[in-house]
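# Descriptive analysis of the structure
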Amino acid sequence: MKKLIAIVSLVFFLSPLIASAALYKSSDGKVWADWNGKRRWIRTAEIFNSYGYKWSDVKDIADLSLSRKPINNLVRIKDKPEVYALSDSGYKRHIHNPDIFNSYNLSWDDVADINETELAGYPDCNLIKEVDNEKVYKLDGNTLYPIKDLATFNYYGFSWSALQIINSEDLATYTIGSELAYTAPAGSPSPSPSWSPT
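Parameters at a glance
- Residues numbered from 1 in each chain as written.
- Predicted model: local features only at pLDDT ≥ 70, side-chain atom pairs only at ≥ 80, totals over all residues.
- Heavy atoms only, no water.
- Helix = DSSP H or I, 4+ residues; strand = E, 2+ residues; numbered from the N terminus.
- Buried < 20%, exposed > 50% of the residue type's maximum accessible area, 1.4 Å probe, protein only.
- Contact = heavy atoms within 4.5 Å.
- Areas by Shrake-Rupley, 256 points an atom, 1.4 Å probe, with all protein chains shown as cover.
- Phe/Tyr/Trp six-rings, centres within 6.5 Å; stacked < 30°, edge-to-face > 60°.
- Polar contact = N/O pair within 3.5 Å; in protein donor to acceptor, adjacent residues only side chain to side chain.
- Pairing = 2+ DSSP bridges.
- Core = buried A, V, L, I, M, F, W, Y, C linked by side-chain atoms within 4.5 Å.
- Salt bridge = Lys/Arg side-chain N within 4 Å of Asp/Glu carboxyl O.
- pLDDT = per-residue confidence, 0-100.
- Axes fitted to C-alpha atoms, helices over the stretch in contact; angles between N-to-C directions.

## Describing the overall build of the protein
The number of helices and strands found in the protein is seven helices and 13 strands. Taken over 198 residues, the protein has a buried fraction of 39%. Partitioning the intrachain contacts of the protein with sequence separation of at least 6 by distance along the chain shows that 68% fall at a separation of at least 24. Total accessible area on the protein is roughly 11300 Å²; 53% of this is exposed by carbon and sulfur atoms.

Here it is, written out as structure tokens:
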């Protein structure tokens, strides 16, 4: 029975989702691909050309109309099982398995098939935070390293734009490593205790 469930889950991951991408250009010159009514920024001309898109197919769109389209933040390489969550700032994180995917009540129809060139254009997410919890972790491979405080966060040069917020089920799939801590030199100003972005 477990083997059957695993096979069904894999089929869900591998099922091809085929759709023709409509292309739009916003007033700031960005080109967007439409997937299932959601928008995804085509970040470079290299990515645009890698799909064989034609500039003549790109239609202007009013910013208000574009803003009404949710951001497409689920992608995978076509015909490969790995699904990635994208932050709004474009950092990618592998979703470990179908159970975790379903724990977010996500739709498989929203997983866009992309190519290797586009996937490589998204930097890896390296910061994780559990919803409703202040603790922030550095993500390295499958290990999360708790960041002690804001002083440590700033010392290591982390960026809030790389942060993804996840649920408890997702967090449980990672190994927790040792705490990252920075001790300021004697006489330095006391760091802010707040975990708010700067």
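## Looking at the packing of aromatic side chains
Here the structure, examined in full by the defined rule, presents nine aromatic pairs. Ring geometry for tyrosine 51 against tyrosine 53: centres 5.1 Å apart, planes inclined by 20°, an arrangement best described as stacked. Owing to a relative accessible area of 25%, tyrosine 51 belongs among the partly exposed residues under this scheme. Feature note: the residues Phe153, Tyr155, Tyr156, Phe158, Trp160 and Tyr182 constitute an aromatic cluster, connected by ring pairs.

## So, the environment of aspartate 124
Relative to the helices and strands, aspartate 124 is located in the loop between helix 5 (116–120) and strand 9 (127–130). Put simply, aspartate 124 and lysine 92 are 32 residues apart on the chain and 5.0 Å apart in space, counted from C-alpha to C-alpha. Ignoring sequence-local partners within four residues, the contact set of aspartate 124 consists of Tyr91 and Lys92. A polar contact of 3.0 Å, which involves the side chain of aspartate 124, links it to the side chain of lysine 92.

## So, the sheet that holds strand 11 (residues 143–147)
Read from one edge of the open sheet, five strands run 12-9-10-11-13, paired in mixed fashion. Two strands lie at the open edges of the sheet, namely strand 12 (163–166) and strand 13 (175–176), each paired on one side alone. Pairing of strand 11 with strand 13, which is carried by two bridges, proceeds in the parallel orientation. Looking at the pairing, threonine 143 lines up with threonine 175 of strand 13.

## Considering the nonpolar core
Counting residues in hydrophobic clusters, the biggest one holds 19 residues, and the most contacted among them are Leu127, Ile128, Val136, Leu144, Ile147 and Phe153. When contributions to this core are tallied by element, the ones reaching two or more residues are strand 9, strand 10 (136–140), strand 11, helix 6 (150–155) and strand 12. Counting residues per element, this core draws most heavily on strand 10, which supplies three residues. Not counting chain neighbours up to four residues away, the residues in contact with leucine 127 comprise Val136, Tyr137, Lys138, Leu139, Ile147, Phe153, Phe158, Ser159, Ala162, Leu163 and Gln164. With nine residues, the next largest nonpolar core counts Trp35, Leu86, Ala112 and Ile114 among its residues.

## Describing the pattern of salt bridges
Taken as a whole and judged by the stated rule, the model has eight salt bridges. Close ionic contact of aspartate 34 with lysine 69 constitutes a salt bridge, the shortest N to O distance being 3.0 Å. Here aspartate 34 is found in strand 2 (residues 31–35), whereas its partner lysine 69 is found in the loop between helix 3 (63–67) and strand 5 (74–77), with 35 residues between them in sequence. The partner of aspartate 110 in a salt bridge is lysine 38, and the shortest N-O contact between them spans 3.1 Å. Of this pair, aspartate 110 sits in the loop between helix 4 (98–103) and strand 8 (112–114) while lysine 38 sits in strand 3 (residues 38–42), and the two are 72 residues apart along the sequence. Residue classification places lysine 38 among the partly exposed residues on the basis of a relative accessible area of 22%.

## Considerations on the confidence of the model for the protein
A residue-level look at the protein finds 83% of positions with pLDDT of 70 or above and a mean pLDDT of 87. The secondary-structure element of the protein with the lowest mean pLDDT is helix 1 (residues 2–14), recorded at 39, while strand 11 shows the highest, at 98. For residues 1–19, every residue scores under 50 in pLDDT, and the model assigns this stretch 29 contacts once sequence neighbours within four places are set aside.

## Quick look at the side chain of serine 87
Note that serine 87 resides in the loop between strand 6 (83–86) and strand 7 (92–95). Those residues in contact with serine 87 that sit more than four places away from it in its chain are Ser161, Leu163 and Gln164.

## Examining the sheet that holds strand 2
Each strand in a sheet pairs with another by means of backbone hydrogen bonds, the pair being arranged parallel or else antiparallel. As summarised here, the arrangement of the four strands in space is 3-2-1-4, forming an open sheet in which the pairing is mixed. Each end of this open sheet is capped by a strand with a single partner; those strands are strand 3 and strand 4 (58–60). The sheet shows a mean angle of 40° between the axes of neighbouring strands, taken without regard to direction. The pairing of strand 1 (residues 22–25) with strand 2 spans four bridges and is antiparallel. Bridge pairing in strand 2 links tyrosine 24 to tryptophan 32.

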